[in-house]
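Structure at a glance
Each chain, letter by letter, is given below.
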Amino acid sequence: LRGALDTVTSDAGEDTFKTGGKTDLGYISVRLTNTNAAGKTYQITVYKAQVTKGLEQAFSADTDLTVAAIPLEFTGVQDLTKPEGEQLFEIVDMQAPKTPAA
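Reading guide: rules and limits
- Residues numbered from 1 in each chain as written.
- Predicted model: local features only at pLDDT ≥ 70, side-chain atom pairs only at ≥ 80, totals over all residues.
- Heavy atoms only, no water.
- Helix = DSSP H or I, 4+ residues; strand = E, 2+ residues; numbered from the N terminus.
- Buried < 20%, exposed > 50% of the residue type's maximum accessible area, 1.4 Å probe, protein only.
- Contact = heavy atoms within 4.5 Å.
- Areas by Shrake-Rupley, 256 points an atom, 1.4 Å probe, with all protein chains shown as cover.
- Phe/Tyr/Trp six-rings, centres within 6.5 Å; stacked < 30°, edge-to-face > 60°.
- Lys NZ or Arg CZ within 6 Å of the ring centre and 35° of its normal.
- Patch = residues over 30% accessible without salt bridge, like charges linked within 9 Å, V, L, I, M, F, W, Y side chains within 5 Å.
- Salt bridge = Lys/Arg side-chain N within 4 Å of Asp/Glu carboxyl O.

Notes on the overall build of the protein chain
Along the backbone of the protein chain there are zero helices and six strands. For the protein chain, with 102 residues in total, the buried portion stands at 8%. For the protein chain, the share of sequence-separated contacts (at least 6 apart) that also reach a separation of at least 24 residues comes to 41%. Surface accessibility of the protein chain: about 8,400 Å² in total, with carbon and sulfur atoms responsible for 53%.

Considering the packing of aromatic side chains
For the structure on display, the rule yields zero aromatic pairs. One Lys or Arg, K48, reaches over the ring of Y27 and ends 4.8 Å from the middle of that ring. If you follow K82 out to its NZ or CZ, it ends over the ring of Y47, 4.5 Å from the centre.

Description of a nonpolar patch on the surface
On the surface, L88, F89 and I91 cluster together to form a nonpolar patch covering roughly 270 Å² of accessible area. Tracing the backbone shows L88 in the loop between strand 5 (73-76) and strand 6 (89-93). For L88, a relative accessible area of 37% translates into the label partly exposed.

Shown next as structure tokens:
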């Protein structure tokens, strides 16, 4: 969600991201990427989206090794700058493609 952040500052060895208070963030691009043990990726890109429900995160104890999910809802809308048939999202599957790599 970097495009929706209010401020980003970088110092040696750290980046600080701050946001909050804006009621209309407009549209952002959303990309979700899974990388498997073999280093192959499965990537979903929603070209133009709007957050419809913010983050709600309950933090567990440091000793809890369960994967933490971060619920976030967004709605994709047509990106009319793209050709018809390609205006909502793209999925790139390198983990189990129908055509094997050469």
